[in-house]
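Structural overview for review
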Amino acid sequence: MPSTRLQEVYSNLVANNPGEKEFHQAAKEILESLEPVIKERPEYTDRALLDRIVEPERQIMFRVPWMDDKGEYHVNRGYRVEFSSVLGPYKGGLRFHPSVNLGIIKFLGFEQIFKNSLTGLAIGGGKGGSNFDPKGKSDDEIMRFCQSFMTELQRHIGENVDVPAGDIGVGGREIGYLYGQYKRIRNSFDAGVLTGKGLNWGGSLVRTEATGYGLVYFAEEMLKDAGTSFDGKTVVVSGAGNVATYAIEKAEKLGAKVVTASDSSGYVYDPEGIDVELLKQIKEVERGRINEYADRRSSATFVANGSIWDVKCDVALPCATQNELDGDAAATLVKNGTKFVAEGANMPCSPEAIKTFSQAGIHYAPGKASNAGGVATSGLEMEQNASRSHWSFEQADERLHSIMVGIHDTAVATAEEFGFPGNYMVGANIAGFVKVADSMIDMGVI
Ligand code: GLU
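What counts and how
- Residues numbered from 1 in each chain as written.
- Predicted model: local features only at pLDDT ≥ 70, side-chain atom pairs only at ≥ 80, totals over all residues.
- Heavy atoms only, no water.
- Salt bridge = Lys/Arg side-chain N within 4 Å of Asp/Glu carboxyl O.
- Helix = DSSP H or I, 4+ residues; strand = E, 2+ residues; numbered from the N terminus.
- Buried < 20%, exposed > 50% of the residue type's maximum accessible area, 1.4 Å probe, protein only.
- UniProt positions renumbered as here; feature names shortened; annotations may be inferred.
- Contact = heavy atoms within 4.5 Å.
- Polar contact = N/O pair within 3.5 Å; in protein donor to acceptor, adjacent residues only side chain to side chain.
- Disulfide = S-S within 2.5 Å.
- Pairing = 2+ DSSP bridges.
- Axes fitted to C-alpha atoms, helices over the stretch in contact; angles between N-to-C directions.
- Near = heavy atom within 4 Å.
- Areas by Shrake-Rupley, 256 points an atom, 1.4 Å probe, with all protein chains shown as cover.
- Nonpolar A, V, L, I, M, F, W, Y, C, P; charged D, E, K, R; others polar.
- Core = buried A, V, L, I, M, F, W, Y, C linked by side-chain atoms within 4.5 Å.
- Phe/Tyr/Trp six-rings, centres within 6.5 Å; stacked < 30°, edge-to-face > 60°.
- Lys, Arg positive; Asp, Glu negative; His and termini not counted.

Turning next to the pattern of salt bridges. Two side chains with opposite charge may pair up if their charged atoms get near one another. Inspection of the entire model under this criterion finds 26 salt bridges. Between Asp263 and Lys283 there is a salt bridge, with the nearest N and O atoms lying 2.8 Å from each other. Here Asp263 is found in strand S8 (residues 260-263), whereas its partner Lys283 is found in helix H9 (residues 276-285), with 20 residues between them in sequence. Comparing Asp263 with Lys283 shows no difference in burial state: the two are buried. When the shortest N-O distance is used, the salt bridge between Arg296 and Glu286 registers 2.5 Å. Separated by 10 residues along the polypeptide, Arg296 in helix H10 (residues 291-296) and Glu286 in the loop between H9 and H10 bring together distant segments of the chain. Glu286 sits in the partly exposed class, given a relative accessible area of 36%. Look at the salt bridges and you will find they share partners, linking Arg5, Glu8 and Asp51 into a network.

What follows covers the UniProt feature "binding site: NAD(+)" (unreviewed entry) in the protein. When the UniProt feature table is mapped to this numbering, "binding site: NAD(+)" (unreviewed entry) covers Thr211 and Asn242. A maximum C-alpha distance of 7.9 Å among these annotated residues, which run over 32 residues, shows that they cluster at one spot. With respect to the helices and strands, Thr211 occurs in helix H7 (residues 210-225). A relative accessible area of 9% places Thr211 in the buried class. Excluding its chain neighbours within four sequence positions, the residues that come into contact with Thr211 are Asn242, Val243, Gly344, Asn371, Gly373 and Gly374. For Asn242, a relative accessible area of 35% gives the class partly exposed. Sequence-distant contacts of Asn242, that is, excluding residues within four places in its chain, are made with Thr208 and Thr211. Separated by 2.7 Å, the side chain of Asn242 and the backbone oxygen of Thr208 make a polar contact.

For the rest of this paragraph, the subject is the state of the cysteines. Taken as a whole and assessed by the stated rule, the structure comprises zero disulfides. In this structure Cys319 is a free cysteine whose sulfur lies 10 Å from that of Cys349, the closest cysteine sulfur available.

The strands making up a sheet associate through backbone hydrogen bonding, with each pair oriented either parallel or antiparallel. What the three strands build is an open sheet, ordered S8-S9-S10; its pairing is antiparallel. Pairing within the sheet leaves two strands with one partner each, and these edge strands are S8 and strand S10 (301-303). Along the sheet, successive strands turn relative to each other by an average axial angle of 20°, direction set aside. Here S8 pairs with strand S9 (residues 266-269) via four bridges, running antiparallel. In the sheet register, Ser262 faces S9, and the bridge partner there is Tyr267.

Moving on, we come to the pairing of strand S2 (residues 73-84). Looking down a regular strand, the side chains alternate between one sheet face and the other. Of the strand pairs in this sheet, strand S1 (residues 58-67) and S2 are connected by 10 bridges, and their pairing is antiparallel. Its bridge partner lying in S2, Ile60 is registered against Arg80. From the end of S1 to the start of S2, which pair antiparallel, there are five residues, and Gly71 there has a positive phi angle of about 85°. Here six bridges tie S2 to strand S4 (residues 125-130), and the two strands are oriented antiparallel to one another. Note on S4: the bridge partner recorded for Val81 is Lys127.

Take the site of the ligand next. Around the ligand there are 14 residues in total, and Lys91, Lys115, Gly166, Asp167 and Ser378 lie nearest to it. Between the ligand and Gln112, the relevant distance is 3.0 Å, taken from an oxygen atom to a side-chain nitrogen or oxygen of the residue. For the ligand, an oxygen atom lies 3.1 Å from a polar atom in the side chain of Asn346. Starting from 300 Å² of accessible surface for the ligand in isolation, the protein chains cover 94%. Counting only elements with at least two residues in the shell around the ligand, the list comes to strand S3 (90-96), helix H4 (102-118) and helix H14 (373-386). Residue classes in the shell around the ligand are distributed as two nonpolar, seven polar and five charged.

Ranked by size, the top nonpolar core spans 59 residues in total, and within it Phe230 and Leu317 carry the most contacts. It is H7 that provides the largest number of residues to this core, a total of nine residues. Ignoring any residue separated from it by four or fewer positions in sequence, one finds Phe230 in contact with Val216, Ala219, Glu220, Leu223, Val235, Ala251, Leu254, Gly255, Ala256 and Val315. Listed in part, the 40 residues of the second largest apolar core include Ala27, Tyr79, Val86 and Phe114.

Further remarks concern the packing of aromatic side chains. Geometrically, a pair of aromatic rings is defined through the distance of the ring centres and the angle of the planes. The tally for this structure, following the rule as stated, stands at 20 aromatic pairs. Consider the rings of Trp66 and Phe132, whose centres lie 5.2 Å apart with planes at 85°: the pair is edge-to-face. You can see Trp66 sitting in strand S1 and its partner Phe132 sitting in the loop between S4 and helix H5 (139-153), a full 66 residues away along the chain. By relative accessible area, which is 7% here, Trp66 ends up buried. Ring geometry for Phe96 versus Phe149: centroids 5.2 Å apart, planes at 70°, classification edge-to-face. In this pair, Phe96 sits in strand S3 while Phe149 sits in helix H5, placing the two residues 53 residues apart along the sequence. Since its relative accessible area comes to 1%, Phe96 is described here as buried.

A word on the environment of Ser387. Relative to the elements of secondary structure, Ser387 occurs in the loop between H14 and helix H15 (393-417). Taking the C-alpha atoms as reference points, Ser387 and Glu111, separated by 276 residues in sequence, lie 29 Å from one another. Looking at Ser387, its side chain comes within polar contact range of the main-chain oxygen of Glu383, at 3.0 Å.

Among the structural elements, Glu343 can be located in the loop between strand S12 (340-342) and helix H12 (351-360). It turns out Glu343 is buried and unbridged, and the closest side chain with the opposite charge, Lys368, is 6.9 Å from it. A polar contact is formed between the side chain of Glu343 and the backbone nitrogen of Cys349, at a distance of 3.2 Å. Sequence-distant contacts of Glu343, defined by excluding residues within four places in its chain, comprise Leu215, Pro318, Pro348, Cys349, Tyr364, Ala365, Pro366, Gly367, Ser370 and Asn371.

What follows is the structure in structure tokens.
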């Protein structure tokens, strides 16, 4: 980051947000990519624009008390970071996971600004969640937690203000409980206040599949640019949640053989190709652990201790969580001949891993471009809610597909324009930034 202005912004950010290492990491990656655009357009350093863009418009933290099934009481912390509303209402998911803290929510919210900008839809950036651990909780416990969480969150959100959705630990069940409590308190059926809703009450077809499908649509374009396709490729997918499941489904549909899936207990290796219906049954329906997949499928083995990135593949799709793929794992992928990496999770590859990919000439797609299909389809859900309409699966899928192709083409063209041909990260970061920055300039010092 040789520009002194960019360096200054970064060191102020580190000083002002002590200990928030994931936020530092996400901000550093973007600021570094901005070097060529700042050089060409120095107006982006005027009127403290960069200092404003890294400072959330609003950060909300609140107490979430709840009672478990034994009648014991617990307190968690709730968060909503409303980062940028320059392009539209704050938009981004809620994450329920014990690792959640302010720094994690800020990193996710910051990424979301540029991701949402890339979709071309009118959505700002935000993120929220709680350090609540949904693992092992009953439906009633989840419901009581969601109701308590929404009792506070409802005063901060609205269909033109802030529109939360799901992320890790928050799926259709949680969105249902959250929406029910919102509706009850506000006495208003504001369907557009949350996305990822059930299909009977304002949800959009394809929203469930969107992040995984969108990831594969993006990767398909990358493969096409390199003169190849998913057909016959061996693919390693990490994770077994919503993103991983539908990435596996779509990659297999396009002729790939996906040989892995994982959760926090380990990974399964299935040389016959993952049976996605069995995976859904275990993870979505039964909310079980990944080893059960190997218990029920003779071609699969469960590996408890070991790195999923040791499995040889042509294409790697990290779909679990941040920093799951480090420099050593990247070196192993390079050694094993992997040619493509596209991120389904948010920031799954560490900075060292990204450096290794670029040195080895691996085609690498950053999450803010390749996983934007989830939030893009949330934007489509908002469109349907606003017009009180309901699109067919094909209609929504077609819009998703064209948005992903659009993001791919924009990233490629922008990287080329600024002298980094083939660098999806630089292209996506600059393209996402320019739209936000230009809009901020239009609106004055806000
Ligand atoms: N949590 C998803 C993301 O990381 C989706 C957010 C949304 O649909 O608002 O982009």
